[in-house]
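A closer look at the structure
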Amino acid sequence: MAEKKENGSFFTYKGRPLVRCKDTIYYGSMSDKFIIKLDIKSKKTSKDLELADRVTVQLMYTDPSIRSRKQIVKSSEKNGLYLALDLADAWLERALAG
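The present account deals with the structure reproduced in this document. Everything quoted here is computed from the prediction, not taken from an experiment.

1. Quick look at the pattern of salt bridges
Applying the stated rule across the entire model yields seven salt bridges. Residue R16 is joined to D89 by a salt bridge in which the shortest nitrogen-to-oxygen separation is 3.5 Å. Residue R16 is located in strand β2 (residues 16-21), and its partner D89 is located in helix α2 (residues 81-97); the two are separated by 73 residues in the primary sequence. Taking relative accessible area as the criterion, R16 reaches 16% and is therefore assigned buried. For D89, a relative accessible area of 11% puts it in the buried group. Between R54 and E77 there is a salt bridge; the shortest N-O distance is 2.8 Å. Linking R54 in strand β5 (residues 49-61) with E77 in strand β6 (residues 72-79), this pair joins segments that are 23 residues apart in sequence. A relative accessible area of 33% means that R54 is categorised as partly exposed. Assessed through its relative accessible area of 41%, E77 is described here as partly exposed. Salt bridges here are not isolated pairs; linked through shared partners, they connect K14, R16, D89 and E93.

About the cut-offs
Residues numbered from 1 in each chain as written. Predicted model: local features only at pLDDT ≥ 70, side-chain atom pairs only at ≥ 80, totals over all residues. Heavy atoms only, no water. Salt bridge = Lys/Arg side-chain N within 4 Å of Asp/Glu carboxyl O. Helix = DSSP H or I, 4+ residues; strand = E, 2+ residues; numbered from the N terminus. Buried < 20%, exposed > 50% of the residue type's maximum accessible area, 1.4 Å probe, protein only.

Structure follows, in structure tokens:
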């Protein structure tokens, strides 16, 4: 389920929406040509708080007519959600500019 702010809009990171469903986070707008899919593969606990440890980052086409295997443009794995979001923002920025 997507987490929403009180005013009904999605949380954002650097001006783009973040939509979460369990251990999967989508970054970007479905109305754009590309979106980022972040999959949390493992978690660690620090002071009773669960943190993302390994995160898979995938740059994907949003066009539903493209087969699911062909939708993935780039893929990488990062340690921690911050590094994954940083990479995701760079990839998405470049993909949408070109």
